[in-house]
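Single-letter residue listing:
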Amino acid sequence: MAELKYEITRHIGVISENAKGWTKELNMISWNEREPKYDLREWNPDHSRMGKGVTLTEEEVENLKKLLNGEEIEDDIDESAFF
């Protein structure tokens, strides 16, 4: 298998962190020296290992943003169970 080259060109933010310190992040990443794209995946603390993720173009991110802005995200927690 060929070596995968990547460079995080811009760190946008952390979405979550698990108990082992891995973080789910949104970054701009250049894969194999190509134009950077939006990338959402889990990373170990020093960014030497990564989990599976999804890479999106600028247009795909704009479409996702429109979908999320128009969607009312439901809260699946039954608050009555706590009282």
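Everything below is about the structure printed above this text.
Everything quoted here is computed from the prediction, not taken from an experiment.

*Asks:* What is the right way to read the pairing of strand β1 (residues 6-17) from this model?
*Replies:* Remark: a regular strand shows side chains that alternate across the two faces of the sheet. Looking at chain direction, β1 and strand β2 (residues 23-31) are connected through 9 bridges and run antiparallel. Across the sheet, residue arginine 10 finds its bridge partner in β2, namely methionine 28. What sits between β1 and β2 in their antiparallel hairpin is a turn of 5 residues, with glycine 21 showing a positive phi close to 90 degrees.

*Asks:* Before we go on, may I ask you to explain the sheet that holds β1 in this structure?
*Replies:* Sheet strands associate in pairs through backbone hydrogen bonding, adopting either a parallel or an antiparallel arrangement. Read from one edge of the open sheet, 4 strands run β1-β2-β3-β4, paired in antiparallel fashion. Looking along the sheet, the strands with just one partner apiece sit at the ends: β1 and β4 (50-56). With strand direction ignored, the average angle separating the axes of adjacent strands in the sheet is 25 degrees.

*Asks:* So what exactly am I meant to see when it comes to the environment of tryptophan 22 here?
*Replies:* Relative to the elements of secondary structure, tryptophan 22 occurs in the loop between β1 and β2. Sequence separation of tryptophan 22 and arginine 41 is 19 residues, and the distance between their C-alpha atoms is 10.0 Å.

About the cut-offs
- Throughout, residues of each chain are indexed from 1 in the direction in which the sequence is written.
- Only residues with pLDDT of at least 70 are given local features in this predicted model, and only at 80 or more are side-chain atom pairs given and counted; all residues enter the totals for whole chains, interfaces and linings.
- As a rule here, side-chain values come from all non-hydrogen atoms in the structure, and water together with hydrogens is ignored.
- When DSSP locates at least two bridges between a pair of strands, those strands are taken to pair.
- Each helix corresponds to a stretch of at least 4 residues labelled H or I by DSSP, and each strand to a stretch of at least 2 residues labelled E; elements are numbered beginning at the N terminus.
- Here, axes are lines fitted to C-alpha atoms. For helices the fit covers the stretch in contact, and angles between N-to-C directions go from 0 to 180 degrees.

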